[in-house]
Amino acid sequence: MRNVKKKPRMKYKTLKGLQDILPPEISIWQHIETKAKDIFKNYGYREIRLPIMESTDVFTRSIGETSDIVEKEMYTFPDKGGRSVTLRPEGTAPFVRAYVEHHLYNDPAPQKFYYAGPMFRYERPQAFRYRQFYQIGAEAMGIDDPKLDAEIISMLSAILSSIGLEGLNFEITSIGCEKCRPAYRSALKIYLGDKLNTFCSDCRRRYDANPLRILDCKVPACIDSRKGSPPVLEYLCSDCKDHFDDLRKNLDLLNVPHSINPNLVRGLDYYTKTAFEVSSENLGSQSAVAAGGRYDGMVEEFGGPATPGIGFAMGMERIIPLIRDSLNITEGPELFICPLGPEASEKALSIAEQLRSNGLWVEINYDNTSLRSQMRKANRIGAKNVVVLGEDELKNREIEIKNMDGGEDIKTLLQGNEILKSLLPKIRK
Ligand code: ATP
Ligand code: MG
């Protein structure tokens, strides 16, 4: 016989910066998603599901060639046909691509959408920073009135507080539009030009290509060197200034506490006018929970009619640690049936099925183990109630539903499989 050499067994692990999300942790994710969806509904935002991969140009054109995301963080590779494709690092550019592709601008404005799903950035993994992370985001199109800006920020605030987040800081600013940007850009260049040699090589390159990006550099020396640079708010044109003043007025009207952060710069080039960020003091240096802003030029850039837009995205992995301890999520079946013997086992199977069709979470024990070990299992899986089906129970047709949380036990007669139906409300509470 030929000696077939066995391949050594491999142990696989998730890739660096990626994570598996397992139960019961998944319940926290579902809690956030459900709360967000409820609020989106009240504001008229409808779900949109987009591919996680796009043609690379979708991102380079909109996010900007000189942004950190495009320069360093994209998962870009040629597909088998040689086309350059990119795993989406964010949701707005793919959304605008779809908005233009499907002529969604023909619907009455504002057209409002939300999405939820994974994003990919090749970053250095650390606490609250992953290479695959999940965002829930919203986009509102076709209206440039600052009332819409205030409303979407207020919606974000409503979502975050319904999820159970407290003590968040809402920071806003305006980063101007294409009319006021040239003046700001030159003021910035004059200020930074004198000390350009103190900046990193990326920033020296950005100086000509896109000096505004220098404001977003995370290198400590650059942060130091750019201190005292001209504040963008002083360079706003009258249109942008009015827009910003109105936004603040409307946020006050809607009771959304906020502060102005003139140094807020977004990592994406497409933003105009309103930019905002929500942060928590409890996340260390990765403090941003959600961020967003206006992007009034992007639809046109993608070949659609000039259409204003505003949106935000919140990061699931940063929200979860903030609510984990305060959420009291207990998982476990509402009823666990312990059958003793083959006849009881069959009975258990059909009772369980009948109760499930009435909306109850029911588990049964499958193997022929002792009552003691079945009870131990019921405990381990967090069963709220347990019923034993033994010889006596089958003979006398009387069962007892034992409440595992110290609540009232219920004795009842077993008639066919219907009997437990009338007890559903009691079992459930
Ligand atoms: P940061 O300043 O933390 O790098 P960002 O400005 O790059 O954030 P955005 O592009 O505005 O982030 O994305 C919106 C939200 O998505 C962030 O506020 C954050 O909650 C989340 N997020 C962004 N990058 C990551 C990541 N690598 N891991 C986990 N969450 C992330
Ligand atoms: Mg980033």
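The numbering scheme is per chain: residues are counted from 1 as the chain's sequence reads. Going through the entries in the order they are written, you letter the chains from A and number the ligands from 1. Given that the model is predicted, a residue must reach a pLDDT of at least 70 before its local features are reported, and side-chain atom pairs must reach 80 or more before they are shown or counted; all residues, however, enter totals for whole chains, interfaces and linings. Excluded from the side-chain calculation are hydrogens and water; included are all heavy atoms of the structure.

## Brief notes about the domain arrangement of the protein chain
Throughout, the edges of the domains are those of an automatic or database domain assignment. You can read the domains of the protein chain as domain 1 (26–180 + 236–326) and domain 2 (335–428). Of note, the centres of domain 1 and domain 2, computed from C-alpha atoms alone, are 49 Å apart.

## Overview of the site of ligand 1
Close to ligand 1 lie 15 residues; Arg 121, Glu 123, Tyr 130, Arg 266 and Arg 318 are nearest. What qualifies as a polar contact is a pair of N or O atoms within 3.5 Å, subject to a donor-acceptor requirement within protein and to the restriction that residues adjacent in sequence count only when both atoms come from side chains. The contact in question runs from an oxygen atom of ligand 1 to an N or O atom on the side chain of Arg 266, over 2.5 Å. Residue Arg 318 places a side-chain N or O atom 2.9 Å away from an oxygen atom belonging to ligand 1. Looking at the shell around ligand 1, the elements with two or more residues in it are β6 (132–141), β10 (288–294) and β11 (309–315). We call a residue near a given molecule or strand whenever any one of its heavy atoms falls within 4 Å of it. A run of DSSP states H or I qualifies as a helix once it reaches four residues; a run of E qualifies as a strand once it reaches two. Both are numbered from the N-terminal end.

## Here's the deal with the pattern of salt bridges
Each reported salt bridge corresponds to a side-chain nitrogen of Lys or Arg within 4 Å of a carboxyl oxygen of Asp or Glu. A full pass over the atoms with the stated rule returns 28 salt bridges. One salt bridge in this structure joins Arg 324 and Glu 25, with 2.6 Å as the shortest N-O distance. On the criterion of sequence distance, the pair formed by Arg 324 in the loop between α11 (316–323) and β12 (335–339) and Glu 25 in the segment before α1 (26–42) is long-range, its members being 299 residues apart. Classification of Glu 25 by relative accessible area gives partly exposed; the value is 26%. Where Arg 213 meets Asp 216, a salt bridge forms, and the shortest distance between an N and an O atom there is 3.7 Å. Relative accessibility thresholds used throughout: buried, under 20% of the residue-type maximum; exposed, over 50%; partly exposed, between the two (1.4 Å probe, protein chains only).

## Looking at the packing of aromatic side chains
Pairing of aromatic rings covers Phe, Tyr and the six-membered ring of Trp, with a centre-to-centre limit of 6.5 Å; geometry is then stacked below 30 degrees between planes, edge-to-face above 60, and tilted otherwise. Tallying each qualifying case throughout the model produces 10 aromatic pairs. Clustering of aromatic rings is evident, with ring pairs tying together Phe 95, Tyr 99, Tyr 105 and Phe 113. Between the NZ or CZ atom of Arg 131 and the centre of the ring of Tyr 122, over which it lies, the distance is 4.0 Å. Our definition puts a charge over a ring when NZ of Lys or CZ of Arg is within 6 Å of the ring centre and also within 35 degrees of the ring normal. A cation sits over an aromatic face here: Lys 189 above Tyr 207, 4.9 Å from the ring centre.

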